[in-house]
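# Descriptive structure summary
Residue-level listing of the chains:
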Amino acid sequence: MLMPARIRLFTHRFSSLLPPSSSSSSSALPFSIPFRTSISHAAPPHHVSATKTPNISISDTAKFVRTVLFIPPGTDPEEVTEDMILPGSNIVLGPYAGDAKVKEVQFIGSSIRPKDCPKDERPEFAMLGRSNVGKSSLINSLVRKKEVALTSKKPGKTQLINHFLVNRSWYLVDLPGYGFANAPESARMDWSSFTKGYFLNRETLVSILLLVDASVPPQKIDLDCANWLGRNNMPMTIVFTKCDKVKNSKGKRPDENIKNFQELIKENYKIHPPWIMTSSATGLGRDELLLHMSQLRNYWDN
Ligand code: GDP
């Protein structure tokens, strides 16, 4: 019997992304997107030839779309096709995407307490991550300006909430890094007391960008942070950094670390959060992350 055309197309297009078999242990992991292809940017996922995935049912496909991919507002899950997925991510690009170019950025100021932050109702994205995760590098990469992230690295500014106004219309917020590696316990940033108040009370927060270093195995402090954000239903995107760092003999590759990280946090999320691979060294994921932010922002603006 012939399948309806749309369903056939749908099944075919997702076949290279689906778990190989529903009985294997890896099938429990919802992350079968071809990472290596994405890392090298050699070809977007829709150029990857379909792997052998016999007996993929429509319900598997529908489940995959609903449980693994991030479907943005305004997008019908039934209409999603593979070329709508941003390379190196689980993010579907929907109708709200656009205006992703950064034309102008201004440092607005630093706030000691969440209640001191700007009150002009512009949408904002807050960047959070362990010290040394590559937050300053990513901010520089996103706005293409070195001096921006230097501002937040100045002594005294690292424990503050730093607001950068982009294109005079939205904020990129640099939150204090947590878990300074060599600091004594007492001197470590207690992100929970400092930042939780900001997350819970900041009405203009469109999404938290949680930065996680993909070149190392999942770290407890990052897992704790991601789990807290998930349990509290915070709008968030996991931004994996340093995805260019491919280990040779020892250690796991970024794609394995990413898969393990997500496996370890998934029970704390009702809906799988959007995630994306980036590298400030190569520019991987920069434009894609900006596009993702644009669709969240434009929806928020409406
Ligand atoms: P921050 O403390 O989170 O602001 O981290 P930085 O941006 O200062 O980066 C910490 C270190 O990681 C620096 O040595 C950076 O050069 C390095 N780093 C940052 N991003 C990348 C990346 O994408 N790839 C690689 N290979 N190294 C990076």
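Preceding this section is the structure that the text describes.
Here's what I pulled together on the structure shown here.

Calculation notes
- In this convention, every chain numbers its residues from 1, walking through the sequence in written order.
- Side-chain atom pairs in this predicted model are given and counted only at pLDDT of 80 or more, local residue features only at pLDDT of at least 70, and totals for whole chains, interfaces and linings cover all residues.
- Side-chain numbers here rest on the full set of heavy atoms in the structure, without hydrogens or water.
- Here a helix means four or more residues in a row that DSSP labels H or I, a strand means two or more in a row labelled E, and each is numbered from the N terminus.
- By this rule the span expected of a helix is its residue count minus one, scaled by 1.5 Å.
- Categorising residues by exposure relies on relative accessible area from a 1.4 Å probe, with only protein chains included: less than 20% of the type maximum marks a residue as buried, more than 50% marks it as exposed, and the intermediate range marks it as partly exposed.
- Any two residues whose heavy atoms approach within 4.5 Å at even a single point are treated as in contact.
- Paired strands, as defined in this entry, are two strands with at least two bridges between them according to DSSP.
- Near is defined per residue: the residue qualifies when any heavy atom it owns lies within 4 Å of the molecule or strand.
- Counted as a polar contact is a pair of N or O atoms within 3.5 Å, where, for protein atoms, one must be capable of donating a hydrogen and the other of accepting one, and residues adjacent in sequence contribute only when both atoms are in side chains.
- The accessible surface values rely on the Shrake-Rupley method and a 1.4 Å probe; as for residues, cover is taken only from the protein chains in view.
- Residues are grouped as follows: nonpolar covers Ala, Val, Leu, Ile, Met, Phe, Trp, Tyr, Cys and Pro; charged covers Asp, Glu, Lys and Arg; every other residue, Gly included, is treated as polar.
- Stacked, tilted and edge-to-face are the three classes assigned to paired rings of Phe, Tyr and Trp, where Trp is represented by its six-membered ring and a pair needs centres within 6.5 Å; plane angles under 30 degrees give stacked, over 60 edge-to-face, the rest tilted.
- Just to be clear on terms, a salt bridge is a Lys or Arg side-chain nitrogen sitting within 4 Å of an Asp or Glu carboxyl oxygen.
- Inter-axis angles, ranging from 0 to 180 degrees, are taken between N-to-C directions of lines fitted to C-alpha atoms, where helices are fitted over the stretch in contact.
- Under this scheme an angle from 65 to 115 degrees is roughly perpendicular, one under 35 degrees roughly parallel, and one over 145 degrees roughly antiparallel; angles in between are oblique.
- Crossing handedness is defined as follows: a turn of the near helix away from the far one that is anticlockwise and smaller than a right angle gives a left-handed crossing, while the clockwise case is right-handed.
- In plain words, nonpolar cores are sets of buried Ala, Val, Leu, Ile, Met, Phe, Trp, Tyr and Cys residues tied together by side-chain atoms within 4.5 Å.

## So, helix 9 (residues 286-301)
Over its 16 residues, helix 9 extends 22 Å from the first C-alpha to the last, a length consistent with the 22 Å expected when each residue adds 1.5 Å. Within the span of helix 9, buried status applies to Arg 286, Glu 288, Leu 289, Leu 290, His 292, Met 293, Ser 294, Gln 295, Leu 296, Arg 297 and Asn 298. On its buried face, helix 9 sits against strand 2 (124-129), helix 4 (135-143), strand 4 (170-174), strand 5 (205-213), strand 6 (236-241) and strand 7 (275-277).

## With respect to unusual backbone geometry
In terms of backbone geometry, most residues other than glycine have negative phi values and most peptide bonds are trans. One non-glycine residue, Glu 121, lies in the positive phi region at around 70°. You can see Glu 121 is positioned in the loop between strand 1 (105-111) and strand 2. At Asn 233, a residue that is not glycine, the phi angle is positive and equals roughly 55°. Within the fold, Asn 233 resides in the loop between helix 7 (220-231) and strand 6.

## Quick word on the pairing of strand 3 (residues 161-166)
Each regular strand displays side chains that alternate between the two surfaces of the sheet. Taking burial as the measure, the six residues of strand 3 include six buried ones, the bulk of the element. Burial of strand 3 is two-sided: the residues Ile 161, His 163 and Leu 165 facing one way and the residues Asn 162, Phe 164 and Val 166 facing the other way are all buried. Sheet topology note: the strand 1/strand 3 ladder contains six bridges and is antiparallel. Each residue of the ladder has a partner; that of Phe 107, found in strand 3, is Phe 164. Across five bridges, strand 3 lies against strand 4 in antiparallel orientation. In the strand pairing of strand 4, Leu 165 is matched with Tyr 171.

## Section: the site of the ligand
Taken together, 13 residues are adjacent to the ligand, and Lys 135, Ser 136, Ser 137, Asp 244 and Ser 280 come closest. Between Asn 132 and the ligand, the recorded distance is 2.9 Å, taken from a backbone N or O atom to an oxygen atom. The contact in question runs from an oxygen atom of the ligand to an N or O atom on the side chain of Ser 279, over 3.5 Å. A total of 570 Å² of accessible area belongs to the ligand in isolation, and the protein chains cover 70% of it. The dominant element in the shell around the ligand, judged by the number of residues it contributes, is helix 4, at three residues. For the shell around the ligand, the residue count by class is two nonpolar, six polar and five charged.

## Overview of the packing of aromatic side chains
According to the stated counting rule, one finds seven aromatic pairs in the structure shown. With centroids separated by 5.9 Å and ring planes inclined at 85°, the aromatic side chains of Phe 240 and Phe 261 adopt a geometry described as edge-to-face. Of the two residues, Phe 240 is situated in strand 6 and Phe 261 in helix 8 (residues 254-265); the sequence distance between them amounts to 21 residues. The exposure class assigned to Phe 240 is buried, which follows from its relative accessible area of 1%. Ring geometry for Phe 240 and Trp 275: centres 6.4 Å apart, planes at 70°, overall edge-to-face. Separated by 35 residues along the polypeptide, Phe 240 in strand 6 and Trp 275 in strand 7 bring together distant segments of the chain. In this pair, the class of Phe 240 matches that of Trp 275, namely buried.

## Thoughts on the pattern of salt bridges
Going through the model one piece at a time under the given rule, you end up with eleven salt bridges. Two residues, Lys 242 and Asp 213, come together in a salt bridge whose shortest N-O distance is 3.7 Å. Here Lys 242 is found in the loop between strand 6 and helix 8, whereas its partner Asp 213 is found in strand 5, with 29 residues between them in sequence.

## Let's talk about the side chain of Asp 174
Structurally, the position occupied by Asp 174 is in strand 4. Polar side-chain contacts of Asp 174 include one of 2.5 Å to the side chain of Lys 135.

## Examining the packing of helix 7 against helix 8
Packing of helix 7 against helix 8 brings their axes to within 10 Å, and their N-to-C directions diverge by 50°. The angle between helix 7 and helix 8 places the two elements in the oblique class. Viewed along their axes, helix 7 and helix 8 form a crossing whose handedness is right-handed. Between helix 7 and helix 8, the contacting residues are Asp 222, Leu 223, Ala 226 and Asn 227 on the first element and Phe 261, Leu 264 and Ile 265 on the second.

## Structural notes on the nonpolar core
Most often, soluble globular proteins keep nonpolar side chains buried together rather than apart. Tyr 198, Phe 199, Leu 210, Leu 229 and Phe 240 are the most contacted members of the largest nonpolar core, which has 33 residues in total. No other element matches helix 7, which puts five residues into this core. Contacts of Tyr 198, omitting those with residues within four sequence positions, involve Pro 114, Cys 117, Glu 124, Ala 126, Ile 161, Val 173, Leu 175 and Leu 205. Leu 142, Phe 164, Trp 170 and Ile 276 belong to the second-largest nonpolar core, a separate cluster that totals 26 residues.

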